[in-house]
Structure formats: C-alpha cells, structure tokens
Amino acid sequence: MNSLADQLLVLCLLLNFAVLGTSRLAFSVRAVALQGVILGVLPAIVHPFSWHLALIVVSIILAKGAVIPLLIIRAIKKAEIEREFEPFIGYIPSLVLGALFTSLAFIFAAKLPLSPEHEGLLVVPASIATLMCGFLVLMGRRKAISQVIGYLLMENGIFIFGLLLADAMPVMVEAGALLDLLVGVFVMGIVINHISREFSSIDTSRLSALREE
Amino acid sequence: MLFDMIRDPGALVLAAIIVAALSGLPALLLREGPLGQQISAAGAFVSSLLALPSLCYLLLQGGAAASSYTLNWNLPFGPCEIALDPLSLFFLIPIFVVFPAGSLYALGYWPAATRRTSAYSVTFFYGLLSAAMALVVVARNGALFMVAWEMMALSGYFLLVAEHGEEEVRSAGIVYLVASHLGAAALLALFSGLRIATGGFGFPAPGALQLTQGGATLLFCAALIGFGSKAGIMPLHIWLPSAHANAPSHVSALLSGVMLKLGIYGILRVLTFFPEHPLWWGGLLTALGLTSALMGICIASAQKDIKRLLAYSSIENLGIITAGIGVFLIGQGTGNARLAYLGLAGALFHILNHALFKPLMFFGAGSVMHATGTRELDRMGGLATRMPWTSLLALAGSVAICGLPPFNGFASEMLLYLGFFGEALAPEPYLALGAPVLALVGGIAVICFVKLYGITFLGAPRSEGAAHGHEAPFSMLAPMALLAALCLTGGLFPQLFLALVNPALQGILPVGFVPAALPIPPLWFAAAGGSIMVLSLSIFLVLRGKGRTLPSGSGPTWGCGYLRPAASMQYTASSFGAFFGSLATPLIRFRIKADAISGVAPAAARLGYLPEETVLHRLVLPAVNLAGIACAFVMRIQHGLMQVYILYIFVTLLLLMLWVH
C-alpha cells in the first residue's frame, strides 16, 4: 500500500459526507458513482498488474461508474423528483452522526485482530465507515431512490474490505459480487416502479400501510 | 443396479415415499379437467402398491432385515440417517393405507370440476403430507426429523384451510398453526437436549442414552408436550376439534387416522432411547390417557356437528392408546411381562384399528355432507333409505369404533381389558381400576355413535337437504368398503393384525417379554364374532319372515302413534344427547342463543345453542388472551416502516461488534 491509495480512501470518506449532507438526489448519485470509480482504480494501484486484475478494474469502473448511475439518473428523471424532502434524520444530524460513526469505525478497526501486514492501513476503517454511512442513508431517507443510494454506499464499503483480498479472490467471486449488485439495483428499480404505481409516490414510509394490523 | 434396488424392499419403501411426495404434481400442473387429479390418485396407488407389500414382508421377516441408509450431505447437522426398523415399518402401514383411500375418495368428494380453486392445492399437499409423515417415521436424525415434522405441519395447514373463504376455517387454521408450533418448540428443546447429551443430532441407539434422572425427566417432559400436543392428549388437544371439523373430510381422515398417531410414534421412539423408565412415567401416561379418553368421549357425546363429534372421538381413541403405552411402562417397571405385553400390543393394535375405522367414519361423514350440504346432525335424518351403502358402511364403522364385536375395535380393547383385569389379583390392584374406566368410555362411545348413526341415517328427514340426499359415487364408496372389510377382518382374525404388531413389539419390549401366544386363543374372536353375525342375520330373517305373514301397517318412523306426525316431532341429536349432556356439565356447557319474545302475538323467533368445552373456553382461551395482552409490545416492534427495520439490523450489527470485544 502506498500513500496514494490512502489519499484515495480519504477521498472516499469525504464523498460519504457529501452524500450524507446533500438533499439533491442527482448529486448523491454522482458522488457515489465517483466513489465507485475511485474504488475501481484502487486495486490497480495496490496490487501488481495482471490480466485478471485489469478485467476486474475495467468491469468495476463500467458497472459502478457508468451503468448503475445511468440507470438511477433515468429513474430520477422518470419519477420527476430532484430532492429528498423531510428526511427522517435531517442533513446536519446526518453529518454529525456520520462523523461519529466514522470515528467509531477507526476505534473499532484498531481493536480488530488483523494480520500484521494489514495493520495501520486505512482500508478497514474506511470500509466500516462507508458501510455505516450507507446504513445511515438507508435509515434516514424516505425516497426509494435514496434507499438505492444507501445500498450502493454499503456495497462500496464491502468492496473496500474486499481490497485486502483482491489477490486471493477468483474472478468468479468478483463477477458474482458485481452481478449481485446489478441485480440488486434492478430489483430496487422494479420495487420503485411498483411503489410509485401503487401509492402514487415513491415514499417508502407509505409501505407501512402494508403492515398487518 | 436397478435390479438390486427392486429386490431390496427397503429401497422400494423409500421409492414409495418419493412417489407419494410427487404424486400431487400432475394435479398441480394440469388444473383444467379431472385428468390431473386422476393421475395423482393413480400415483397414490402406485406408491401404496410399492410400499405395502414391502412393509408387510419386512415386518413378517421379524424386522431382522432392518435396513438403514445414510444421506451424506454437507449440512452442519451431520449425516442424515434413514432407517426402517420394525417400529417405523409398523407406523408406515397406516400412512400407505389411508393415503390411497383418501386420494380415491377425493375424486368423488373434492373433484376438480366443482372445487376449481382448491382441488389442485389439496391434491398436491395431500401427497406431500403423506410423504412428510413417512419421512418423520423413517428419520433417524433430529434435524431431519424436525424438517419432516415441519413439512407435515405446514402441508397439514394448507390442506386444512382449503375453504379459506370462511372465517371459521381461517381461525381453525391459525389455532392449528400456533398449537403445532408450540409443540414444535418443545420438540426443538427435546432434540437440543439430545444433542447436548449425545454430541450429535443422530438418534441414540435403543437403550443407549445414559442420563441423570433430572435430564431424563426433562427430555421425557419435552417429548410428552411436543408429541402429546400432536396426538391430542388432553389438555393439549385445543387445536384438534376445530381443525378436524373444518378440513375437507378426506383430509380429516388422514389427519385423524394417521397424523395423530405420529405423536404416539414420537413418544414410543423417545422411550426406546432410555435404558430404563421410571415407574411414574407409566403412571402419568396411563392417567393422562384414561382422562383424555373419558373426557374426550364425554365431550363428543354432546356435539351436534358430525365431524366435531368424530374429532373428539379421536381424542378418546388416542387416549386409549396412550393409556396402553402407560400400562406397558408400568408392566416393564414392575417386571410384569404379561402386563407390559398386553399394554403395548393393545396400544399398537389399536393404532392400526383406529387408522382403519376413523377414516371410514370421516369418509362416511363426508358422504353425508356431500349429500345434504350440512354438518349439523339436527338437520339430517332418514338417509338410510337414500344412501343404503353409505349407511351400511357407516354402521360397520360405528360398531367398530365403539369397540364392539365382531369388529377390530373390540379385539384391541380386549387386550387392554385383559391387562387391567389381570391386575385385579395383584397385591396393589390400583391398575385394575382402569377396566371400569375403559368400560365407561366404551359405554359412552355407544351413546355417542347411536346418536350419530341413528340421527343421521334413521327416522325421517329433518331438512330439505336431507330429504334430497343422494348415494355417493363409486369412487367414494370403494375406499369405505375397503376400510370396512379390513375392520371386519381385524375383528374376526386378530392374529393377522397381531402378526404385524408383534415384530414392532420386539423392538421396544425387553427380550423375553413377548409371549408365544395370546392369553386367549385368537380363534375365539372368530367364533364369537361369527356367531354374533349369524345370530343377527337369523334374527333379521326371522323378523322379516314374520312381517310377511302378520298384517302390518306403515307410518313415519318415530311417529309415536300420533294422528298427524311431523318430522320435527322426532328425537333430534340435541334431545338424544341432552340427558347425558346434563351429566357432563363440568366438561361441556351449552351456550344458548334465543331471540327475546315479547308482546301478545310475538313474531317468529330463533333458538340456537352451541356446545362449549369448559377447559377450552374457561381456561385455555383466557390464558391465550392474557398472553396476547402481555405480548402487545411485540406488535409495536413490527412497525411497518422499512427504515425502522434497517435500524434494527444496524443496532444488531453494532451490538455484535461490541460483543466481539
């Protein structure tokens, strides 16, 4: 690992806060897409060159930087919404909580029994912090599209953790993870469609009408 | 390889289980027309033809050729053993008798043509239920057993709610589901306990479970609660009456004829694990069994719903079986080989018998409902002239279920009587008190089934539906005739059935406990039953001959000499049962609903009543309601808001992270 990788991870952490602090959906999508591209580049910096690695890098950048953001932006345009109004957790509290979770992640990572070559790296804390920020978005926002963004953020967190293993990971696992993500986004897209048709809005809190009394 | 398989009867049985599981698929796929259902019924027959000869062959071999198969799958609970020992073989027989009979019966009773929305699912789950029950019996691994047990419980649920459009059926389904999962929770405790004791999920070998007294007691109690609630032992029977009453009749036949027995199987199987059984286990089982037999039949006699009556009678019969097992344990504990043999042989024989005559009675009830469109006894009557065959077969079933000769119920209860009476000369003759209790149960059963048969088939029709009743089609009569014939065979030649029972006994009874011959020669049964049949036939012929010669007039049945008798003057089910019902008020009360009558010329008013079981309505339901209030906070956790659910996940994750430190 070198300092460039660490700097990129810090950029990822900052992008988390960008997502947490904005109400504009298109901006959040772009921030997550940028984070995805950075994450796609990271393995190329960390590990020595191989064709396997190149394939992973290209496919990740394509999927996370282009295909998925395009899908979501189209969904946003179709649903004609730009902003997240009245979130459950406001933007300032979200930022404060995000900072809190990020620092907690650093404390937690320091206590994890990692193998010696992974100690002192930013990878583990950045991964946990991104995961938690994803959770925060999932919990705090109403709109189904924000839920997708939270989901992507979480996935990015998991991916960062996977960086530690990229050498050992066979292509199939990588492909499986990517496919999982794409399918997840598709499913979410269908869910959004159905929610908006059924409740004439994509506010997920309306789903509580489905609760059994 | 295929040749070897065909020659191995054990493999044939396993193949039959698979065929049974798949037999419902044609009905599920071919929903249009009757073809799918017919192929499914044929599948049921194929599975039965594969299984029954192999089962009998293996049992008559003495079970020495008990075969076991191991499924080595990569699941955390270890290799799955499936074994066919005599006990399993014995319990497989009712499954493969009732399943094809019920499938054939369904062709006429629940045809795809008139039950478009439920016939395919009922047929599918009928096969699945049978296969799951068979899997329960052959499983030798706690985890596999639980999987099969759950499959059985769930497919039973889907069969039960076939008519889910009705509120009553839905609530019966919920009660069934809750009760069966409470039972399953007790079983989970049992198998976890076994896992701790033996270190694996595999069943311990017979007599190999060495435990402290407290541990053994705990496991026994867990088994008693879990399996007892399935077997409907009072007071764990709460789910049983409404479930049996609201299911389609061929489903009730399978549930009552076979599924209840699996509770007994479970108890017997768990008993084999222990090297020795404390005497109080036997005492407890005997007391529970006799109580539930007596209470069950008392409550049955007050019912006005034909299927609910049969359901309570199932509780009675299962009580008799449980008492037999208790007697066996007492005999074993006191070293009384004769008592142990009679108790267990009586219990197992009665299991076989109940699996024949209870489905017969449920089929009969189904035919009556099919003809009249009601389950209320008070609306039936006079069906003997319109449904002569059904009426004859139901008569056979009623006599068998009362434990009267020449049918099989008599033979098995006789063994228990012999056991109880044999104790009368013992130094402590407490157990002999079982004989009068059993006699009382038998007497009330006669009241109960005279009421059922007399009100349904004799007299004059009490409603439009009963007046226009029609005979059931061949597909419904054939299975009933088969079962009735088997009942008669068992009563006249009990040694045929005992030949199947004895190998199963050898797996449970200690060596030297199985005597060479019955205390009474089995030919006596044939002689006594045959003479009763000859006697009744000759009386019938003599009376008919006299009727020809003497001058005779005819009027409505039970016209009582009135000038203008009406059908409403007859005894009804309620009035017939009123006297005995008044004796049984501690157990059952009547809730009477009547419109108020006012004025000089009151308008037409209605009077109705509902028998209510005291234990259920005064004890169990209030307790359940209290539990519901106590658990109201759980409803608040189920918020309906997705974000809150994610919060739960997040909090769990955080707690886990903290816990790791």
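Throughout this description, residue numbers start from 1 for each chain and increase along the sequence as written. Throughout, the order in which chains and ligands are written sets their labels, letters from A for the former and numbers from 1 for the latter. Only residues with pLDDT of 70 or above have their local features reported here, since the model is predicted, and side-chain atom pairs are shown and tallied only from 80 upward, although totals for entire chains, interfaces and linings are computed over all residues.

Visitor: Teacher, can you tell me more about the overall build of chain A here?
Guide: Looking only at helices and strands, chain A has seven helices and zero strands in total. Runs of H or I in DSSP of at least four residues are treated as helices and runs of E of at least two as strands, each being numbered from the N terminus. Traced from its N-terminal end to its C-terminal end, chain A shows the element sequence α-α-α-α-α-α-α. Looking at chain A as a whole, 38% of its 213 residues are labelled buried. The long-range share in chain A, meaning contacts at least 24 apart out of those at least 6 apart in sequence, stands at 75%. Counting other C-beta atoms within 10 Å of its own, a residue is labelled buried from 20 upward, exposed at 12 or fewer, and partly exposed in the gap between, with every C-beta atom placed from the backbone. In this description, any two residues whose backbone-derived C-beta atoms lie within 7 Å of each other are considered to be in contact.

Visitor: Help me out: how do you make sense of the overall build of chain B in this one?
Guide: Within chain B, the secondary structure is distributed over 26 helices and four strands. The size measure is the radius of gyration over C-alpha atoms, and the globule rule it meets is 2.2 Å times the number of residues to the 0.38 power. What you see for chain B is a C-alpha radius of gyration of 26 Å, in line with the 26 Å of a compact globule of 661 residues. The proportion of buried residues among the 661 residues of chain B is 50%. Considering only contacts in chain B between residues 6 or more positions apart, those separated by 24 or more positions represent 79%.

Visitor: Just checking my understanding: could you explain the packing of helix α2 (residues 25–46) of chain A against helix α6 (residues 144–163) of chain A for this structure?
Guide: Packed helices, taken two at a time, are described by the angle between their axes plus the distance between the axes. Residues and elements named next belong to chain A. With axes taken as lines fitted to C-alpha atoms, and helix axes fitted only over the stretch in contact, angles between N-to-C directions fall between 0 and 180 degrees. Their axes nearest at 10 Å, the elements α2 and α6 cross at an angle of 15°. Between α2 and α6, the crossing angle belongs to the class labelled roughly parallel. Along this stretch, α2 crosses α6, giving a crossing that reads as left-handed. Only Ile145, Ser146, Ile149, Leu152, Leu153, Asn156, Phe159, Ile160 and Leu163 of α6 make contact with α2, whose side of the interface consists of Leu25, Ser28, Val29, Val32, Gln35, Gly36, Leu39, Leu42, Pro43 and Val46. Orientation categories follow fixed angle ranges, with anything under 35 degrees roughly parallel, anything over 145 roughly antiparallel, 65 to 115 roughly perpendicular, and all other angles oblique. Crossing chirality is assigned from the near helix's rotation relative to the far helix, an anticlockwise turn below a right angle marking it left-handed and a clockwise turn marking it right-handed.

Visitor: How do you make sense of helix α7 (residues 142–160) of chain B when you look at a structure like this?
Guide: Spacing of three or four residues puts side chains on the same side of an α-helix, whose turn is 3.6 residues. All names here are of chain B. Multiplying one less than the number of residues by 1.5 Å gives the expected span of a helix. Here α7 contains 19 residues, and its C-alpha end-to-end distance of 26 Å stays within 8% of the 27 Å for a straight helix at 1.5 Å per residue. For α7, the set of buried residues is Gly142, Leu144, Phe145, Ala148, Trp149, Met152, Ala153, Ser155, Gly156, Leu159 and Leu160. Tucked inside the fold, the buried residues of α7 contact β2 (80–84), α6 (119–138), α8 (167–198), α10 (240–246) and α11 (249–273).

Visitor: How do you make sense of the nonpolar core when you look at a structure like this?
Guide: By our criterion, buried Ala, Val, Leu, Ile, Met, Phe, Trp, Tyr and Cys residues that link up through C-beta atoms within 7 Å make up a nonpolar core. Residues B:Leu92, B:Met133, B:Val136, B:Leu344 and B:Leu348 are the most contacted members of the largest nonpolar core, which totals 203 residues. Residues in contact with B:Met133, not counting those within four places in the same chain, are B:Ile95, B:Met152, B:Val258, B:Met259 and B:Leu262. A:Ala31, A:Val32, A:Cys133 and A:Leu138 belong to the second-largest nonpolar core, a separate cluster that totals 50 residues.

Visitor: Just checking my understanding: could you explain helix α14 (residues 337–372) of chain B for this structure?
Guide: Residue and element names in this part refer to chain B. Here α14 contains 36 residues, and its C-alpha end-to-end distance of 51 Å stays within 8% of the 52 Å for a straight helix at 1.5 Å per residue. The largest bend in α14 comes to about 25°, at histidine 354. Of all 36 residues in α14, 32 are buried; the element is thus mostly enclosed. Glycine 373, located one to two residues past α14, shows a positive phi value of around 75°. To get the bend at a given residue, fit one axis to the seven residues ending there, fit another to the seven starting there, and take the angle between those axes.

Visitor: Explain unusual backbone geometry to me, please; I cannot follow it from the model alone.
Guide: Most peptide bonds take the trans form, and the phi angle of most residues other than glycine is negative. Each neighbour pair has its own omega, and for B:Pro405 with B:Pro406 the value is 5°, a cis peptide bond. Residue placement: B:Pro406 occurs in the loop between α16 (388–401) and α17 (408–422).

Visitor: It is not clear to me how the packing of α6(B) against α7(B) should be interpreted in this structure. Could you clarify?
Guide: Residues and elements named next belong to chain B. The geometry of α6 relative to α7 is characterised by a closest axis approach of 8 Å and an angle of 155° between their N-to-C directions. Taken as axis vectors, α6 and α7 run roughly antiparallel relative to one another. For the crossing formed where α6 meets α7, the hand is left-handed. Across the interface between the two elements, Ser121, Val122, Phe125, Tyr126, Leu128, Leu129, Ala132, Met133, Leu135 and Val136 of α6 pack against Phe145, Ala148, Trp149, Met151, Met152, Ser155, Gly156, Phe158 and Leu159 of α7. Only Asp, Glu, Lys and Arg are considered charged, only Ala, Val, Leu, Ile, Met, Phe, Trp, Tyr, Cys and Pro nonpolar, and every remaining residue, Gly among them, polar. Looking at side-chain class alone, the contact of α6 with α7 contains 16 nonpolar, three polar and no charged residues.

Visitor: Help me understand the environment of B:Met414, please; the structure alone is not making it clear to me.
Guide: Within the element layout of this structure, B:Met414 appears in helix α17. Along the primary structure B:Met414 and B:Ala15 are separated by 399 residues, whereas in three dimensions their C-alpha atoms are 37 Å apart.

Visitor: Sorry if this is basic, but what is going on with the pairing of β2(B) here?
Guide: Look at any regular strand and the pattern is simple: side chains alternate between the two faces of the sheet. All names here are of chain B. Residue alternation in β2 divides its side chains into a buried set, Cys80, Ile82 and Leu84, and an unburied set, Glu81 and Ala83. Two strands pair if DSSP finds at least two bridges between them. In this structure, strand β1 (residues 67–71) lies alongside β2, joined through five bridges in antiparallel fashion. Along β2, the bridge assignment pairs serine 67 with leucine 84.

Visitor: Just to check I follow, could you spell out the environment of B:Val169 for this structure?
Guide: Residue and element names in this part refer to chain B. Relative to the elements of secondary structure, valine 169 occurs in helix α8. Of the residues examined, valine 169 has 18 C-beta atoms within 10 Å and is grouped as partly exposed. Residues valine 169 and alanine 247, spaced 78 residues apart in sequence, show a C-alpha to C-alpha distance of 7.7 Å. Residues contacting valine 169, with those up to four places away along its chain left out, are Val161, Glu163, His164 and Asn246.

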